[in-house]
Amino acid sequence: MTNKYFGLAVIISMGLLFSCKDQNTQKETPLVQYDEVPSTLPIDRLNLRQGFKIEVYADSIDGARSMAMGENGTLFVGTRNENKVYAIQDRDNDFRADRVMVLDSLEVPNGIAYKDGALYVAEVGRLLRYDDIESKLDELPSPEVVYDDYPTEFHHGWKYIAFGPDGKLYVPVGAPCNICDSTVVDKRYASITRMDPDGSNREIYAHGVRNTVGFTWHPETKELWFTDNGRDMMGDDVPPCELNRIAEQGQHFGYPFCHGGDVEDPEFGKRRPCSEFIPPVQQLGAHVAPLGVKFHSGKMFPELYKNHAFIAEHGSWNRSSKVGYKISMVKLDDNEAVSYETFIDGWLDEESQERFGRPVDLLFLKDGSMLISDDFGDAIYRVSYVGDEVAMD
């Protein structure tokens, strides 16, 4: 990534990096940036359906991953390896960021959620809360620790977090391995947990979830839907990744015994049959690494896109030829998948196998347009519908 923010860059002060191990260590203070230079990302390579348009909303956001929107319009963005938390503002409402702040330096702050004026940030082993965040961007206070007793293994330890319609905070705990029965060590592994906003009343909500880094709630049924990354080292095309629906608390989705609803694991499959578990609503491509998932329920996209699931496919890392690197869409009819198709692609050149982006998370703005984060292209994109014709194939 060669394009970086130009214009004024004011470093308010530099101190020691904030350590998650020692809250008394001085934090890195905010870096304020103003961007007036058009992006050089080759978004003209992206393939969209007729009537749709994609633009760069924010550029040079190193490692941009999970997103959450504040009630006053501040976009908060987490990262994984970059250990940064961003606050991004579009102060003139032209759908192009004009202020970017690095809020804090934390340990793998992938998970971001916003509720009642507070920003929640999930590190690998603990959850932090920054109260009244949008009024304190320039002088960030020390965070409150909501919990600090989750497993600390890095393997699948980065977290996606979100508040549900029930007001509870949902937090997954990935399996600390490619394939293992980790629940014999800690029942929270390979699960989705939930808790009250203050960290109380924690419980396991779903079992057998290898590694979900994206979930959401259906706008009508309010049921939780999540993506799950399939295990590695079974070949290029096995097992499938998954889009799942949780109909009730306590359901088990198969890991490590069964994958994709019908693929017996070669190491653990003999212990429990696939028939014991909840199959996915849709089998996704093997190794596509599905992350963020959202339903469109706004008014900008044509009506035929309403209540279908959009999925950010981050893309494969261990396949002989790459797959994913796109936004896919699963059409639904009464909770049943009727198709699995591509909505946007072009981040990957299939012939050369070169890539310029890896989609991570999705977020819909109030006007109904879609934001997409990209941790390889270091950007946030905005997808809008500008056509007159119905755009559904």
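Preceding this section is the structure that the text describes.
Each value, and the rule that gives it
Residue indices begin from 1 for each chain and proceed along its sequence in written order. Totals for whole chains, interfaces and linings use all residues, but because this is a predicted model, local features are given only for residues with pLDDT of at least 70 and pairs of side-chain atoms are given and counted only at 80 or more. Just so you know, side-chain values use all the structure's heavy atoms and leave hydrogens and water out. Should DSSP find at least two bridges between two strands, the strands are taken to pair. Numbering of helices and strands runs from the N terminus; a helix is a DSSP stretch of H or I covering at least four residues, while a strand is a stretch of E covering at least two. Every axis in this analysis is a line fitted to C-alpha atoms, fitted for helices over the stretch in contact. Angles between the N-to-C directions lie between 0 and 180 degrees. Two rings from Phe, Tyr or Trp (for Trp, the six-membered ring) form a pair when their centres are within 6.5 Å of each other. A pair whose planes differ by under 30 degrees is stacked, one over 60 is edge-to-face, and the rest are tilted. When a residue's accessible area, from a 1.4 Å probe over protein chains only, is under 20% of the maximum for its type it is buried; when over 50% it is exposed; and in between it is partly exposed. We count a charge as sitting over a ring when the NZ of a lysine or the CZ of an arginine lies within 6 Å of the ring centre and within 35 degrees of the ring normal. When a carboxyl oxygen of Asp or Glu lies within 4 Å of a side-chain nitrogen of Lys or Arg, that pair is called a salt bridge. The criterion for a disulfide is a pair of cysteine sulfur atoms lying within 2.5 Å.

(A) Layout of the sheet that holds strand E3 (residues 52–59). If you walk across this open sheet you meet the four strands as E3-E30-E29-E28, and the pairing is antiparallel. Looking at strand neighbours, the two that pair on one side only are E3 and strand E28 (359–364), the edges of this open sheet. Sheet twist, expressed as the mean angle between neighbouring strand axes with direction ignored, is 25 degrees. The pairing of strand E29 (residues 370–374) with strand E30 (residues 379–385) spans five bridges and is classified as antiparallel. Note on E30: the bridge partner recorded for Leu-371 is Arg-382.

(B) Quick look at the packing of aromatic side chains. In this structure the tally under the stated criterion is 24 aromatic pairs. Relative to Tyr-305, the ring of Phe-52 lies with its centre 5.4 Å away and its plane at 75 degrees, an arrangement referred to as edge-to-face. Residue Phe-52 is located in strand E3, and its partner Tyr-305 is located in the loop between strand E22 (290–295) and strand E23 (309–313); the two are separated by 253 residues in the primary sequence. Each member of the pair, Phe-52 as well as Tyr-305, is classed as buried. Measuring from centroid to centroid gives 6.1 Å for Phe-301 and Phe-310, while their planes differ by 75 degrees, and the two rings are edge-to-face. An identical accessibility class is assigned to Phe-301 and Phe-310; each is buried. Across the ring face of Phe-376, the terminal group of Arg-355 is positioned such that the distance to the ring centre comes to 4.6 Å. Lying across the ring of Phe-95, Arg-382 places its NZ or CZ 3.6 Å from the centre.

(C) Main features of the pattern of salt bridges. The full count for this structure, using the stated rule, is 26 salt bridges. Measuring nitrogen to oxygen at the nearest pair gives 3.1 Å for the salt bridge that ties Asp-166 to Arg-194. Linking Asp-166 in the loop between strand E12 (162–163) and strand E13 (169–173) with Arg-194 in strand E14 (residues 191–195), this pair joins segments that are 28 residues apart in sequence. By relative accessible area, which is 39% here, Asp-166 ends up partly exposed. Asp-186 is the salt-bridge partner of Arg-188, the closest N and O atoms lying 2.8 Å from each other.

(D) Representation of the state of the cysteines. Using the criterion set out here, one finds two disulfides in the structure. A disulfide bridge connects Cys-177 with Cys-180, and the sulfur atoms are separated by 1.9 Å. Residues Cys-177 and Cys-180 are joined by a disulfide whose S-S torsion is about -80 degrees; by sign, that bridge is left-handed. A residue is classified by how much of its surface remains accessible, and Cys-177, at 12% relative accessible area, is buried. On the accessibility criterion, Cys-180 (19% relative accessible area) is buried. A sulfur-sulfur distance of 2.1 Å marks the disulfide that ties Cys-258 to Cys-274. Residues Cys-258 and Cys-274 are joined through a disulfide that is right-handed, its torsion about the S-S bond being 105 degrees. On the criterion of sequence distance, the pair formed by Cys-258 in strand E19 (residues 258–259) and Cys-274 in the loop between strand E20 (263–264) and strand E21 (282–283) is long-range, its members being 16 residues apart.

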